[in-house]
Amino acid sequence: MAKTGYGKRSAGDEDPHTEPDFAHLSPRDRDIAVFIDHLEDGHAMGYKAIAAAHPRYGQQATRVSMKSLTGIGHLRHIREHLQIEDNSMRWVTRTYWSRTPRIPEWWADFVRERKGRDVTAHYMSGLARVEETPEEAGEAPEPEAAQAAEPAEPQPSAAYETLAAVRTADPRMPLSHGDCRSLEALATEWLDRGATPHDITKALTDGLPSAVNNPGGLARNRLENKMPPKKAKVRQTAGRRARVSRVILACVTCDADERTEKIIDGLCRECREELEQDLAQEQAEGPPPGYIPDTFFARPLGGPEYPV
């Protein structure tokens, strides 16, 4: 799962899955689009994270494809400026995915609709903020449907998922399932004291030696010794509200956004030029020896190559 704010989100208003969903794409882009489409909301969407999870493509190929998917209209990075009830402000980056390719005007309307929205201060795994509840949106939840949606078994806590994601942030800290379980209470205490998942990851990965012999022991030592102070009682108020005061587009593959760069079709000028050069080079070189994209694409989802 992603760090808070950067996880996959659905743009919504899409048709059901069909066989030719991504028939308009090249074989590699189609492979990666199908893979992303079946990732759950909140999954990390950086090209490095996608390449690490994908069974076939590396970082460079994934980066090129994600730029292509952005230009075609499947993907956008959007930065929202939040005004919090306690008068603090912050920028939050959100990643939106659309199975249906959208034209630039559709995305422009989508961005404009985000401005002025009310969001809460409650976090979800991989998502920056929870959107309006059904009651706030004018919808009444159905009790029977809510009961049917209850999971059959408890889901991992935010603390456990934060610890499990540390190995992605730094391979020198590959915390095992047992490590995560034993450290879960400490990480929960961090979150209860106002720390974010990013704070925990930073505390566990900053200034590491070149080799870590005991990741679990090092993590315990740091979580105990760097524990943030307890929140003051005046800050322990629930239900703080926040409103989106400004929304801007950001480039999908770099840190540029509309404050400093012109974003066209989800990409800054430099990344668009890189995409054109990469595609031209790939066309000139041709596919690698033994590459059989149609055979690979035909493999059913849910197997070891494509976990659902």
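Heads up: these notes are all about the structure in this document.

Quick look at the overall build of the chain now. Helices and strands together make up the secondary structure of the chain, namely 12 helices and 5 strands. A burial count over the chain gives 39% of its 308 residues as buried. Expressed as a percentage of contacts within the chain between residues at least 6 apart in sequence, the contacts between residues at least 24 apart total 67%. Summing over all exposed atoms, the chain offers an accessible surface of approximately 17200 Å²; the carbon and sulfur share of this is 51%.

Further remarks concern helix α9 (residues 197–205). Three or more residues of α9 are buried, namely I200, T201, A203, L204 and T205. Positive phi appears at G207, one or two residues downstream of α9, with a value of about 65°.

Let's shift gears to the side chain of S98. Locating S98 in the fold gives a position in the loop between β3 (89–97) and α4 (104–114). A polar contact of 2.5 Å, which involves the side chain of S98, links it to the backbone oxygen of T100. Setting aside chain neighbours within four positions, we find S98 in contact with A11, E14, G73, H74 and W107.

This paragraph deals with the pattern of salt bridges. In total, this model carries 16 salt bridges according to the counting rule given. Between D37 and R99 there is a salt bridge, with the nearest N and O atoms lying 3.1 Å from each other. Residue D37 is found in helix α1 (residues 27–37), and its partner R99 is found in the loop between β3 and α4; the two are separated by 62 residues along the sequence. Since its relative accessible area comes to 12%, R99 is described here as buried. In this structure, E274 engages K67 in a salt bridge whose closest nitrogen and oxygen atoms are separated by 3.3 Å. Of this pair, E274 sits in helix α11 (residues 269–285) while K67 is found in helix α3 (residues 59–72), placing the two residues 207 residues apart along the sequence. For E274, a relative accessible area of 24% gives the class partly exposed. If you follow the salt bridges from partner to partner, you end up with R63, K67, E274 and D278 in one network.

For the rest of this paragraph, the subject is α1. Across the 11 residues of α1, 10 count as buried, placing the element largely inside the fold. All buried positions along α1 are accounted for by R28, D29, R30, D31, I32, A33, V34, F35, I36 and D37.

I36, I50, L69, I78, W97 and C251 are the most contacted members of the largest nonpolar core, which totals 38 residues. Those elements that provide at least two residues to this core are α1, α3, β2 (75–84), β3, α4, β5 (241–250) and α11. Residues in contact with I50, not counting those within four places in the same chain, are F35, I36, L39, A44, M45, T62 and M66. Membership of the second largest hydrophobic core comes to 19 residues, among which are M173, L175, W190 and A219.

Relative to the elements of secondary structure, R220 occurs in helix α10 (residues 215–225). As for R220 and S182, which are separated by 38 residues in sequence, their C-alpha atoms are 8.9 Å apart. Sequence-distant contacts of R220, defined by excluding residues within four places in its chain, comprise S182, L183 and L186. Looking at R220, its side chain comes within polar contact range of the main-chain oxygen of S182, at 3.2 Å.

Time to look at the packing of aromatic side chains. Tallied over the entire structure, the rule returns 5 aromatic pairs. With a centroid separation of 5.5 Å and an interplanar angle of 15°, the aromatic rings of W106 and F110 are classed as stacked. Residue W106 and its partner F110 are both found in helix α4; the two are separated by 4 residues, about one turn of the helix. When the centroid spacing of 5.5 Å and the interplanar angle of 80° are considered together, the rings of W107 and F110 count as edge-to-face. Here F110 and W107 lie together in helix α4, a separation of 3 residues that amounts to about one turn. Side by side, W107 and F110 carry an identical accessibility label, which is buried. Ring pairs connect the aromatic residues Y96, W106, W107 and F110, which therefore count as one cluster. Above the plane of the ring of Y47 lies R63, whose end atom (NZ or CZ) is 5.4 Å from the centre. A cation over an aromatic ring shows up here: R259 above the ring of W91, its NZ or CZ 4.5 Å from the ring centre.

How each quantity is defined
- Each chain has its residues counted from 1, running along the sequence as written.
- Thresholds applied to this predicted model are a pLDDT of at least 70 for local features of residues and 80 or more for the giving and counting of side-chain atom pairs; totals over whole chains, interfaces and linings are not thresholded and use all residues.
- Side-chain figures throughout are based on the complete set of non-hydrogen atoms in the structure, without hydrogens or water.
- Helix and strand assignments follow DSSP, with helices taken as H or I runs no shorter than four residues and strands as E runs no shorter than two, numbered in order from the N terminus.
- Exposure classes here rest on a 1.4 Å probe applied to the protein chains alone. A residue is buried below 20% of its type maximum, exposed above 50%, and partly exposed in between.
- Pairs of residues are marked as contacts when any of their non-hydrogen atoms sit within 4.5 Å.
- A 1.4 Å probe and the Shrake-Rupley method give the accessible areas. Residues count as covered only by the protein chains that appear here.
- By the criterion applied in these results, polar contacts are pairs of N or O atoms within 3.5 Å in which, for protein atoms, one can donate a hydrogen and the other can accept it, and in which residues neighboring in sequence qualify only through two side-chain atoms.
- Salt bridge, as used here: a side-chain nitrogen of Lys or Arg that lies within 4 Å of a carboxyl oxygen of Asp or Glu.
- Working definition of a nonpolar core: buried Ala, Val, Leu, Ile, Met, Phe, Trp, Tyr and Cys residues. They are joined through side-chain atoms within 4.5 Å.
- Note on aromatic pairs: the rings of Phe, Tyr and Trp (six-membered ring only in Trp) are paired at centre separations within 6.5 Å, and the planes decide the class, stacked below 30 degrees, edge-to-face beyond 60, tilted for the rest.
- The criterion for a charge sitting over a ring is simple: Lys NZ or Arg CZ within 6 Å of the ring centre, and within 35 degrees of the ring normal.

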